[in-house]
Amino acid sequence: MTQASSDQHTIWLTQEAFDKLQAELENLRGPVRSEVVARISAAREEGDLKENGGYHAAREEQGKVEARIRQLEDMLSRAEVGETPPDDGVVEPGMKVTYKFAGDADDEAETFLLGAREMADTTDLAVYSPQSPLGFAIIGHKKGETVPYEAPNGKTLEVEIVDAVPYTG
């Protein structure tokens, strides 16, 4: 799945994750942006910009801040907040999914949260995006099903969905 096609997808976030991203956006738009602009202005007053390392560093930081602001604005505009999916065993964003590789009796089951990567700071679980190879392959499938997916290394693997329950935080 290309980045362009995943841009239109809804992003499932807990209220806590949404609030954290909203606070980051407000901080970047306000104090952080103002501080970077002030550093650029101060460096500009020093004269020759070609050899002014402080000016170039501040301009580079400004580019990173503006890119993160655009990323957060886009993400928050597509966010679906806090609606816990139904407890019906069907894999969808907002579910805590337990899986194991099919046919491997020694393989231990692993559990992850299917949701936005930005939720990783709000949970001890691994977080897989619905656009990740595994996440994309198992969406819509049910507990007990075995599903093939193409791993990042190009191999096709089969995973058994051991459990899928709503994530409650």
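Here is what the cut-offs are and how they apply
- Residues numbered from 1 in each chain as written.
- Predicted model: local features only at pLDDT ≥ 70, side-chain atom pairs only at ≥ 80, totals over all residues.
- Heavy atoms only, no water.
- Helix = DSSP H or I, 4+ residues; strand = E, 2+ residues; numbered from the N terminus.
- Polar contact = N/O pair within 3.5 Å; in protein donor to acceptor, adjacent residues only side chain to side chain.
- Phe/Tyr/Trp six-rings, centres within 6.5 Å; stacked < 30°, edge-to-face > 60°.
- Buried < 20%, exposed > 50% of the residue type's maximum accessible area, 1.4 Å probe, protein only.
- Pairing = 2+ DSSP bridges.
- Salt bridge = Lys/Arg side-chain N within 4 Å of Asp/Glu carboxyl O.
- Axes fitted to C-alpha atoms, helices over the stretch in contact; angles between N-to-C directions.
- Parallel < 35°, antiparallel > 145°, perpendicular 65-115°, else oblique.
- Left-handed = near helix turned anticlockwise from the far one by under 90°.
- Nonpolar A, V, L, I, M, F, W, Y, C, P; charged D, E, K, R; others polar.

Here we look at the side chain of Ser132
With respect to the helices and strands, the residue Ser132 is situated in the loop between strand E5 (126–128) and helix H4 (133–138). Separated by 2.7 Å, the side chain of Ser132 and the backbone oxygen of Ser129 make a polar contact.

What about the packing of aromatic side chains?
Evaluated as defined, the whole model comprises three aromatic pairs. Geometrically, the ring pair formed by Tyr99 and Phe101 is edge-to-face, given 5.9 Å between the ring centres and 80 degrees between the ring planes. The buried category is assigned to Tyr99, whose relative accessible area is 7%. Feature note: the residues Tyr99, Phe101, Phe112 and Tyr128 constitute an aromatic cluster, connected by ring pairs.

Side note on the pairing of strand E3 (residues 95–101)
Where E3 meets strand E4 (residues 110–114), five bridges bridge the pair, whose relative direction is antiparallel. In the strand pairing of E4, Val97 is matched with Phe112.

Some remarks on the pattern of salt bridges
One pass over the structure, following the stated rule, counts eight salt bridges. Taking the shortest distance from any N to any O, the salt bridge between Glu24 and Arg68 comes out at 2.8 Å. Of the two residues, Glu24 is situated in helix H2 (residues 15–44) and Arg68 in helix H3 (residues 53–78); the sequence distance between them amounts to 44 residues. For Glu24, a relative accessible area of 29% puts it in the partly exposed group. Across the salt bridge formed by Glu66 and Arg33, the nearest N and O atoms sit 2.9 Å from each other. With a gap of 33 residues between them, Glu66 in helix H3 and Arg33 in helix H2 connect regions that are remote in the sequence. Given the relative accessible area of 31%, Arg33 is considered partly exposed.

Quick word on the packing of H2 against H3
Contact geometry for H2 and H3: axes closest at 9 Å, N-to-C directions at 160 degrees. Here H2 is positioned roughly antiparallel relative to H3, judged by the angle of their axes. As for the relative orientation of H2 and H3, their crossing is left-handed in sense. Class assignment for the residues of the contact of H2 with H3 results in 16 nonpolar, three polar and 10 charged.

Things to note about the sheet that holds E5
What the five strands build is an open sheet, ordered E5-E4-E3-E7-E6; its pairing is mixed. Of all the strands in the sheet, just E5 and strand E6 (146–150) have a single pairing partner and so form its edges. The mean inter-strand angle of the sheet, taken between neighbouring strand axes irrespective of direction, is 45 degrees.

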